[in-house]
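Observations on chain architecture
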Amino acid sequence: MALRQRRRIGWLFGLFALLLAVAASRALQLTTLNSGQLSNAANAEHATTVTTPAARGSIIDRNGTLLAVSEAADDISATPQLIRDPAGVALKLAPLLHLSSTTIANDLAKPTSPDYTLLAPRVPAATAQQVAALQIPGIKLTSDPLRVYPFKYLAAQVLGGVGTDANGLGGIEFEFNTQLAGSPGVQHVVFDGQGRAIHVSGPTAVGGQTVQLTLDTALQQVTDKVVSATGEKYQALHATAIVLDLKTNAILAISNWPRVNANDPTKVGFSNDYAVNLGYEPGSTFKVVTIGGALSDGLITPATRFTIPYSYRVADRVIHDSEFHSTETLSTASILAQSSNVGAVQIGQQLGKSGLYDWIRRFGFGSPTGVDLHEESGIVPPLASWSGSSIGNIPIGQGVLVTPLQIATAYAAIANGGVLRPPQIVSSVGGVPVRAPRATRILTTTVADELRHMLKGVFAPGGTASEISIPGYALAGKTGTAQKVENGTYSNTKYVASFVGFAPEQHPRLEGIVVVDQPGGGYIYGTEVAAPAWEQIMNFALTYLKVPPG
């Protein structure tokens with residue numbers, strides 16, 4: 001009996017010893033051999049990294065009117081494996097997300113990954129809260145602000161848009177993406193056993209800066225309306241207009257047609273901002289470069305007389321005036337007012353190839369204007385590539401490509417007493433004024449005054465814009481009608497019609513340019529297509545901005 005008890009005790013002792021050894025072995029494994037793996041598992045279960053998007057900065061006009069703003073929104077996503085009744089969930093969500101229940105059910109059945117599928121991006125906050133109130137297991141809301149353009153079409157190509165990656169797609173949204181985007185918050189959060197955050201580290205989100213533009217919403221709306229009506233009336237390919245404040249070269253309005261909705265990211269980009277990206281031959285608006293250069297070099301005066309036949313040969317090219325006339329005598333001023341091609345070419349010949357090329361470059365052509373937009377440089381052929389007939393077409397605006405903003409900037413230099421100043425469209429970023437761009441004198445005040453006075457003659461009887469007037473204001477400007485190149489030759493049916501001018505002539509305050517690419521219906525001249533639109537825009541602008549008559 002005693003022996004039997006001793007054996008039981010021995011067996012129990014051995015069993016306890018064995019269990020102790022197993023426990024010790026397991027403890028060694030957990031605390032030493034597998035400690036790193038278990039620590040990572042614990043961290044994964046009780047800690048996470050949370051990325052919080054930064055609120056994108058707003059874009060406002062010169063008066064503080066909101067042009068672009070970010071509104072609270074959420075991405076609605078799902079973890080399909082947690083959803084037990086996909087069809088029922090789809091029926092509940094469909095009316096809120098404005099999607100068919102079939103679409104939602106398909107997304108749940110064929111998810112992006114086993115743990116995730118996006119059902120609807122950037123759902124407005126009010127709707128997202130309705131989704132959250134359903135408390136459907138497996139449905140998740142993730143903050144993803146929605147970019148909204150309150151005026152939809154207003155200056156849409158200038159503002160640009162924001163893509164699904166929250167980066168700017170064009171215009172100001174692209175050029176100032178870094179300042180607008182801000183910095184997202186990336187925080188490491190540790191939770192306790194009940195899921196409560198007990199430690200948070202890492203930077204919080206820093207919102208983007210506000211970008212203030214020089215645009216004036218009221219003037220922009222009128223300009224948009226006029227440009228759209230012009231494009232539609234003449235069934236044009238493109239149309240654009242710019243209004244400049246000549247005191248600072250601030251862009252007050254910049255319109256493009258066809259219009260696009262900034263709220264549709266697929267429609268915005270760089271190429272459809274025609275004001276800075278439409279490369280076209282300027283035609284007669286370019287004649288101020290030729291005449292301004294010859295005046296500056298002392299080769300001519302406004303009163304210098306020229307014998308002007310209807311046609312004129314230069315190398316292998318014959319130049320014609322737009323309307324037939326017998327040989328006549330015209331002054332420099334009359335050549336500009338009546339837009340004589342033959343007269344402008346004769347003046348260009350006095351400048352010579354190198355002289356003309358130098359003045360083209362001085363006026364800024366062939367280089368970006370420096371505006372804070374993605375702009376084209378235009379094309380000025382290098383002097384070495386000029387042919388014998390180049391001096392017969394470049395003086396009248398053929399054989400070079402410019403943008404509407406380049407022409408506007410060149411005429412602003414004339415209006416501003418000979419000072420070429422880059423145009424501005426951004427006035428401040430984050431409340432800090434943008435430094436005014438550096439200006440360069442390209443003409444003497446005397447030559448600028450002479451050109452300005454001669455451009456006034458364009459509106460006088462016999463001038464190409466004699467039918468254009470704004471009561472109370474003396475105007476100065478120039479028409480342009482340029483043939484488009486098609487298959488290597490100049491088309492007889494496709495033209496670019498333009499008009500550029502400023503007011504008042506004596507003390508210029510505002511300038512406008514209208515360019516209509518390929519007007520239809522047999523209308524081709526800047527006088528009949530672009531000048532009336534310019535008149536409407538400037539008439540409103542001068543009154544609205546309270547520019548004194550003169």
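What comes next is a walk through the structure. Please read all numbers here as calculations on a predicted model, not as lab measurements.

**Notes on the overall build of the chain**
- Summing up its helical and strand segments, the chain has 17 helices and 23 strands in all.
- Across the chain, the fraction of contacts at a sequence separation of at least 24, relative to all contacts at a separation of at least 6, is 70%.
- For the chain, the accessible surface area stands at approximately 25,700 Å², while carbon and sulfur atoms represent 55% of it.

**Some words on the pairing of strand β3 (residues 66–71)**
- Across two bridges, strand β2 (residues 59–60) lies against β3 in antiparallel orientation. Residue pairing across strands places Ile60 opposite Leu66, the latter belonging to β3.
- If you look at the hairpin formed by β2 and β3, you'll find five residues sitting between the two strands, and Gly64 has a positive phi there, around 90°.
- Of the strand pairs in this sheet, β3 and strand β7 (residues 146–148) are connected by three bridges, and their pairing is antiparallel. For Glu71, the partnering residue across the bridge sits in β7 and is Leu146.

**Things to note about the packing of helix α11 (residues 287–296) against helix α13 (residues 341–362)**
- It is at 8 Å that the axes of α11 and α13 come closest, and there the two elements cross at 75°. Regarding the angle of α11 to α13, the classification is roughly perpendicular. Contacts between α11 and α13 involve Lys287, Val289, Thr290, Ile291, Gly293, Ala294 and Ser296 on the former and, on the latter, Asn341, Ala344, Ile347, Gly348, Leu351, Leu356, Trp359 and Ile360.
- A breakdown of the residues in the contact of α11 with α13 according to their chemical character gives nine nonpolar, five polar and one charged.

**Here we look at α11**
- Counting buried positions over the 10 residues of α11 gives nine, a clear majority of the element.
- Those residues of α11 not exposed but buried are Lys287, Val288, Val289, Thr290, Ile291, Gly292, Gly293, Ala294 and Leu295.
- Those residues of α11 that are buried lie in contact with α12 (332–337), α13, α15 (404–415) and α16 (445–456).
- One or two steps after α11, the chain reaches Gly298, where phi turns positive at roughly 75°.

**Structural notes on the side chain of Asn256**
- Looking at the element boundaries, Asn256 is found in strand β12 (residues 250–257).
- A polar atom in the side chain of Asn256 sits 3.2 Å from the backbone nitrogen of Ala275.
- Those residues within four positions of Asn256 in sequence are excluded, and the remaining contacts are Gln157, Val227, Ala239, Thr240, Asn272, Asp273, Tyr274 and Ala275.

**Some details on the packing of helix α3 (residues 86–97) against helix α5 (residues 125–133)**
- As a packed pair, α3 and α5 sit with axes 10 Å apart at the nearest point and diverge in direction by 165°. As judged from the angle between their axes, α3 and α5 are roughly antiparallel. With respect to the hand of their crossing, α3 and α5 are arranged in right-handed fashion. Packed against α3, whose contacting residues are Leu93, Leu96 and Leu97, the element α5 presents Thr127, Gln130 and Val131 at the interface.
- By residue class, the composition of the contact of α3 with α5 is four nonpolar, two polar and no charged.

**Focus: the packing of aromatic side chains**
- Within the structure shown, the criterion is met by nine aromatic pairs.
- Where Phe459 meets Phe499, the ring centres are 5.7 Å apart and the plane angle is 75°; that geometry is what we call edge-to-face. Here Phe459 is found in the loop between α16 and β21 (476–486), whereas its partner Phe499 is found in strand β22 (residues 489–503), with 40 residues between them in sequence. The same class applies to Phe459 as to Phe499, namely buried.

**Here's the deal with the sheet that holds strand β6 (residues 139–143)**
- The strand order β5-β4-β6 describes an open sheet built from three strands, whose pairing is antiparallel. One side of each edge strand has no neighbouring strand; the edge strands of this open sheet are β5 (117–124) and β6. Between one strand axis and the next, the sheet turns through 25° on average, direction left out of account.
- Sheet topology note: the strand β4 (residues 73–78)/β6 ladder contains five bridges and is antiparallel. Across the sheet, Asp74 pairs through a bridge with Ser143, a residue of β6.
- Packed onto the sheet, helix α4 (residues 101–109) meets β4 and β5 and runs at close to 130° relative to β5.

**A word on the sheet that holds β12**
- Strand order in this open sheet of five strands is β12-β11-β23-β22-β21, and the pairing throughout is antiparallel. Looking at which strands have only one partner, the edges of the open sheet turn out to be β12 and β21. Strand-to-strand, the axes of this sheet are offset by a mean angle of 10°, without reference to chain direction.
- In terms of strand pairing, strand β11 (residues 238–245) meets β12 through seven bridges, oriented antiparallel. Paired with Leu244 across the two strands is Ile251, which belongs to β12.
- Against the sheet, α16 makes contact with β21 and β22, and its axis sits at roughly 80° relative to β21, the strand it touches most.
- Strands β11, β21, β22 and β23 (510–517) of the sheet are contacted by helix α17 (residues 526–544), whose axis makes an angle of about 20° with β22.

**Describing the pairing of β12**
- Along β12, eight of the eight residues are buried, which leaves the element largely enclosed by surrounding structure.
- Where β11 folds back on β12, the antiparallel hairpin that results is connected by four residues, among which Asn249 adopts a positive phi of roughly 65°.

**Quick word on the environment of Leu545**
- By the element assignment, Leu545 lies in the segment after α17.
- What makes Leu545 partly exposed here is its relative accessible area of 23%.
- Residues contacting Leu545, with those up to four places away along its chain left out, are Arg62, Leu219, Leu252 and Leu510.

**With respect to α17**
- Taking 1.5 Å as the rise per residue, α17 with 19 residues should run 27 Å; its terminal C-alpha atoms sit 25 Å apart, in good agreement.
- Buried residues along α17 sit in contact with α9 (217–233), β11, β21, β22 and β23.
- Phi turns positive one or two residues past the end of α17, at Lys546, with a value near 55°.

So, how was this worked out
- Residues numbered from 1 in each chain as written.
- Predicted model: local features only at pLDDT ≥ 70, side-chain atom pairs only at ≥ 80, totals over all residues.
- Heavy atoms only, no water.
- Helix = DSSP H or I, 4+ residues; strand = E, 2+ residues; numbered from the N terminus.
- Contact = heavy atoms within 4.5 Å.
- Areas by Shrake-Rupley, 256 points an atom, 1.4 Å probe, with all protein chains shown as cover.
- Pairing = 2+ DSSP bridges.
- Axes fitted to C-alpha atoms, helices over the stretch in contact; angles between N-to-C directions.
- Parallel < 35°, antiparallel > 145°, perpendicular 65-115°, else oblique.
- Nonpolar A, V, L, I, M, F, W, Y, C, P; charged D, E, K, R; others polar.
- Buried < 20%, exposed > 50% of the residue type's maximum accessible area, 1.4 Å probe, protein only.
- Polar contact = N/O pair within 3.5 Å; in protein donor to acceptor, adjacent residues only side chain to side chain.
- Left-handed = near helix turned anticlockwise from the far one by under 90°.
- Phe/Tyr/Trp six-rings, centres within 6.5 Å; stacked < 30°, edge-to-face > 60°.
- Expected span 1.5 Å × (residues − 1).

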